[in-house]
Amino acid sequence: MPALTARHLLNGLAATQRRRLQLAAACGVLAGSLTLVQAGLLAWITSALLVDRLPLARTTPFFAVWLAILPLRGILSYAQEVLAQQASLAVRRQLRRRLTEHLMRLGPVWLAGRHSASLSHQVVEQVEALDGYFARFYVQQILAVLLPLMILGVTLYLDWLAALFLLLAAPLIPLFMALVGMGAERLNQAQFAAVSRLSGHFIDRVRSLNTLQLFGQTRRATASVHDAADGYRQRSMRTLRLAFMSSAVLEFFASVSIAVVAIYVGFGLLGYIGYGPADELTLFSGLLILLLAPEFFQPLRSLAQHYHDRARALGAAEHLAELLNQTPPATRDAAATPAPAPASARSLIELDAASVSHDARGVVLGPISPCLYRGDTVVVTGASGSGKSTLLQLLAGFVAPDGQGERRCPADLRFAWMDQRPLLIHGTLADNLRLAAPGASDADLRQALDNAYLGELLARLPEGLDTSIGEQGAGLSGGQAQRLALARVFLSAAPLVLLDEPTASLDAHSENAIMAAFAQLQRTGHTLVIATHHPALIGLATRRWHIVQGQLEEVEHD
Amino acid sequence: MIERPSPKRTRQPPTSLWWTLRPWLGMLARRRRRLWLGTLLMALTLFSALGLLAVSGWFITATGLTGLLLAAGASASLDVYVPGGAIRLFAVTRTASRYLERLHNHDTVLRLLADLRTRLFARLATLDGRARGGHRASDWLNRLTADIDTLDSLYLRLLAPPAVALLAGAVLSSVVALFVPLAGGVLATILLAGWLWFTLGQARLGMADSRRHVDELEALRGRVMETLQGLAELDAYRALGHQQQTLERLEDRLYRSQRRLGRWVALGNALQAWLVSVATLATLWLTAGAFAAERISGAIMVMLPMAVMAMSEALGALPAAFTWLGATRGAAERLNEVDAPPAANTATTAAPHPESAGRLTLDAVGVHYPGAFQAALDDVSLALAPGERLAVEGASGSGKSTLTALLGRQLAPTRGQIRLDGIALDAWPDDALRRRVAVLTQQTELLDDSLAANLRLADPEADESRLWQALAQVSLADWAQLLPRGLATRVGEGGRQISGGQARRVALARLFLRDPALVVLDEPFAGVDRATAQALCTALDTWLGTRTLVYLVHEASGESTVVPPGITRTLTLTDAGATAASEATPLRQ
């Protein structure tokens, strides 16, 4: 599949909203032709009063027509804006859904190497950055072709030489805009990267404020925030200098053309120009040409004003396309064939010559070929950094084995997961627990909390299960957060439980109790894989895998 | 007098728009000259546009009428050079002043933004952990980038354009009144009514939705971040579908507001075009009447409505800007919450600080968070002589982290007093205290930066050999040697590119780069395997030497716990700090 480019992405998205966008453009063209009619009325009334010396009362019907046209034009331009906005909303909604689903497929291992603040900035702000393109620019680029053509046609009919003046300026405009726009586009992309880095830089420093305070580094960090912000300003100014240049070029041509047309018409009316159609000019045609000259450039000027919308959207789309071009691990791709069934009915997961490598660190695990049998309690040991977590990720299917390696498991294998950084969502205690079992009753939740030795805590909370919990467990200690994640394990109905350092920050009392709960899980036929250093947990095991430098040894166990 | 909102209140009662924006207007006032110049350039651009259309209209009508006279054989003359020159001049000034105006004003705004960001971060840095802990980390991100960016519209969209439009309307009406007083009056009335609607009226329509908009974006972003960070668990529990629904619900809320706002803006824009056309029409009618009465010439009759037509350039941007006024207001409100005057907790008085090392006393210290259902720490007393090593044990939630925060002066006790070397902890100058006390918090905090940059947080001046030495002390030197990029290896967000145990050891290595008298270690070996922990302990013991140590651990005497040698006393914090700590007892060796 060819890589998705920013332009493809935007065109594809626009195609889904073609009807609305075309209708919006039609409204814009109609509104534009009414502007033409207005200009005609103004010129005609003026000419009638000044040249034909009609009394004011005789022109009243024309004033009335003019007054009647106005609300109609208002309705058309309102409809144009609203339709384009609806298209933009639909496009953004659809793209955001596509992105979140793609990120979910890319999986936790891919995400671990990325800055979640930058990614969520992409999913929220960069998708919003497409708004201007679809709500304004897209329709405007249609109008920028049709309206000037219409006006050119009328001017041509009135006076071909004046039309020529407009026409001479016109082709230069897209040329200049394209040249200037290309530069602005590149800079805009660089700026997007800067915004993204800036937000990453900032959230990182805010999260580490404790450490910065303790090392007395807050002043230095503040200076680095200033440098980052000022760098952003300088980058922005570079983008803007060019972006504004494109509209300045256009303004210049527009202003000069109007001036030239005005002077040409004036001299023509005075009879100073004996050449071409100039001697046929009347006050009516002269005024109308003058009124139409700015309207000829107006759609192009609006387009230039919205040009940064396009540059912004292209910059954002570039990043988003890059994200969408990432290939999910084979185990997580919806389109991929499901994992083959295990060779033996006894086994739950079979790995065959599986190895995992990281770009920066080379092969971190394998090749290994262990077999996980139903009802096993496997303890995975090894020095920190030896690849224990990677093995769990491989078993979970978060990462696919390299090359020829294979992971075999029954279709629709469910598992419970817990690692060293438990997820705490912004919501109540109950919301956090029901992640694992949406249908669980309050009694189930209480039971699970009891199993994880959070029963005492629950009893002390005045709002009980409805107590709200902040991001990263504000209000809970590290150990309590860990036990909350354990409570989810107990709630889940999955036959396989994968635990990465489950007792990392528990006191001996809860640890013993938790081990009793693990024993309970063992008795109810669960298969457990526990990565740990903890001797007491090792005691629970029926099998033990020891990892040394990415290689797995089955340690005899009694 | 209305009081400035205090930082304690998390949800403020609605304060008036004026008081919300006041501090930021004050900030703008400091760049007064730049802002005036910007506004002047804006006005110059507008008057050039008005002039261009008006003079052209006059010129064509005048030439047309003169041409008719000439054709009729009458003798007539017209000075074509002055108006021709004026037309060319306006054409050039319109372009030049517009380009300069935009460049100048954007630079001003971005300068202002950089200042604002820095000021806000500096403010955040002085808040204590508890004040910060109440917010989601993503909220803070939003504060610095989005809220402050939103405030740029204060000058560029909300102050200068309506002022220029008002000025242009007044000048234009006066000029029209010079020729046709009645037309001037009618024009002034129409333009003023329009101006009021496009500013106050549109602001009122959009206020509620646009004020909420950032909150809604923020809620969505927070949820996305949470989803990404907890993907492993969400996926394991098949909760992704549910999470996706939650995201879509938040998005629906956001888009409902956007749709309403979009409609108000479209309405405002349509009304604006209508109003300017009506004003043009009315002016033409009245000037035509004046022409019929032979009070003005035909050229003037055309010139005046043409100038009125150009007013759409002055009014065009107002409806959209003011419909979104609430966004600026909301941003200012949130920033005001953080930007309130600091609680004076950083001592600046240069108290004498003796060179003696690490004597620590706690006298009946307690911490009770406001609104919490129990004390986080209750009535802890202890005295540590220099060089003494104390273990503090307690289960999770018993107040160990609170004690750590107290000793690092990131939290002030609600009761009792802490003294270091005989001086109350809160009387220490910050720099001296940071040199004297080193703390390893339970939560490992690493910057998304290189290994070297993370280590240099502890000592910005440290050279590479010092860094390697520190890594050797935590048994990471061999591992780091094998990394293709060595010390330049990036550790990822919160250290996610390296294992939890390695991150812990990097955090520990930072301490070894410092030279404190008092060392506080909160679960230093969490996530580190036993063999490594024992090796770390030996290095730690050597480095500690005669430094005072407070060692927090969930169980000091458990068989699986690795404890540095030389600990002579133990303090037990009982469950959840509900009761006092037991008296310190010598540790069984």
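Let me sum up the structure you'll find in this document. Keep in mind that this is a model prediction, so the values were computed, not measured.

The rules behind the values
Residues numbered from 1 in each chain as written. Chains lettered and ligands numbered in written order. Predicted model: local features only at pLDDT ≥ 70, side-chain atom pairs only at ≥ 80, totals over all residues. Heavy atoms only, no water. Helix = DSSP H or I, 4+ residues; strand = E, 2+ residues; numbered from the N terminus. Buried < 20%, exposed > 50% of the residue type's maximum accessible area, 1.4 Å probe, protein only. Contact = heavy atoms within 4.5 Å. Areas by Shrake-Rupley, 256 points an atom, 1.4 Å probe, with all protein chains shown as cover. Buried area = accessible area lost by both parts, 1.4 Å probe. Salt bridge = Lys/Arg side-chain N within 4 Å of Asp/Glu carboxyl O. Polar contact = N/O pair within 3.5 Å; in protein donor to acceptor, adjacent residues only side chain to side chain. Pairing = 2+ DSSP bridges. Axes fitted to C-alpha atoms, helices over the stretch in contact; angles between N-to-C directions. Patch = residues over 30% accessible without salt bridge, like charges linked within 9 Å, V, L, I, M, F, W, Y side chains within 5 Å. Core = buried A, V, L, I, M, F, W, Y, C linked by side-chain atoms within 4.5 Å.

Another aspect to go through is the overall build of chain A. Counting its secondary structure elements, chain A contains 17 helices and 13 strands. Looking at chain A as a whole, 61% of its 558 residues are labelled buried. Within chain A, residue pairs in contact and separated by at least 24 positions form 77% of the contacts whose partners lie at least 6 positions apart. Accessible surface, chain A: about 21900 Å² in total, of which carbon and sulfur atoms supply 57%.

Residue and element names in this part refer to chain B. Phi at Glu294 takes a positive value of approximately 60°, unusual for a residue other than glycine. Relative to the assigned elements, Glu294 resides in the loop between helix H9 (240-292) and helix H10 (298-309). For Glu294, a relative accessible area of 69% corresponds to the exposed category. Unlike most non-glycine residues, Arg409 shows phi in positive territory, near 50°.

Right, let's talk about the interface of chain A and chain B for a bit. Counting residues at the interface gives 154 residues for chain A, matched by 149 residues for chain B. Summed over both sides, the interface of chain A with chain B buries roughly 13800 Å², with 63% coming from carbon and sulfur. A:Asp412 is paired through a salt bridge with B:Arg238; the nearest N and O atoms lie 2.9 Å apart. Scanning the region where chain A abuts chain B turns up 27 residue pairs in polar contact (both at pLDDT 80 or more).

To continue, consider the sheet that holds strand S4 (residues 371-373) of chain A. Residues and elements named next belong to chain A. What the three strands build is an open sheet, ordered S4-S1-S6; its pairing is antiparallel. With one partner strand each, in any of the chains shown, S4 and strand S6 (406-408) form the two edges of the open sheet. If you compare each strand with its neighbour and ignore which way they point, the axes differ by 5° on average. Along the sheet, helix H11 (residues 388-396) contacts strand S1 (347-352) and S6; its crossing angle with S1, the most-contacted strand, is approximately 115°.

Residue and element names in this part refer to chain A. Nonpolar side chains collect at one region of the surface, where Leu156, Trp160, Leu164, Leu167, Leu168 and Tyr275 lie side by side and expose about 630 Å² of accessible area between them. Here the nonpolar patch gets four residues from one element, more than from any other, and that element is helix H6 (residues 160-207). You can see Leu156 is positioned in helix H5 (residues 131-158).

Moving on, we get to the pattern of salt bridges. This structure, assessed with the given rule, holds 42 salt bridges over all chains. Salt-bridge contacts for B:Arg547 lead to B:Asp515; the nearest nitrogen and oxygen are separated by 2.6 Å. Placement of the pair is B:Arg547 in the loop between helix H20 (530-544) and strand S8 (548-553) and B:Asp515 in the loop between helix H19 (500-512) and strand S7 (518-522), with a sequence separation of 32 residues. Residue class for B:Arg547 comes out buried when judged on its relative accessible area of 15%. Among the residues examined, B:Asp515 registers a relative accessible area of 61% and is labelled exposed. Where salt bridges share partners, they join A:Arg92, A:Arg96, A:Glu128, A:Asp131 and B:Glu251 into one cluster.

Within the largest apolar cluster, 250 residues are counted, with the highest numbers of intra-cluster contacts made by B:Leu315 and B:Phe525. By residue number, the principal contributor to this core is helix H8 (residues 218-270) of chain A, which donates 20 residues. The residues contacting B:Leu315, other than those within four sequence positions of it, are B:Ala165, B:Leu191, B:Trp195, B:Phe198, B:Gln272, B:Leu275 and B:Val276. Formed by 43 residues, the second largest nonpolar core is a distinct cluster that contains A:Ala416, A:Leu458, A:Met515 and A:Phe518.

The next thing to look at is the sheet that holds strand S7 (residues 415-418) of chain A. Residue and element names in this part refer to chain A. Here we have six strands laid out as an open sheet, ordered S7-S10-S11-S5-S12-S13, and mixed in their pairing. Both outer strands of the open sheet, S7 and strand S13 (551-555), are each paired with one neighbouring strand and no more. In this sheet, adjacent strand axes meet at a mean angle of 15° when their direction is disregarded. Where strand S5 (residues 377-381) and strand S11 (residues 527-531) come together, four bridges link them in parallel fashion. When the sheet's bridge partners are listed, Val378 is paired in S11 with Val529.

Residue and element names in this part refer to chain B. On the secondary structure map, Thr45 appears in helix H2 (residues 32-71). Here Leu41 takes part through its backbone oxygen, which lies 2.8 Å from a polar atom of the side chain of Thr45. Setting aside residues no more than four positions away along its own chain, Thr45 makes contact with Arg94, Ser97 and Arg98.

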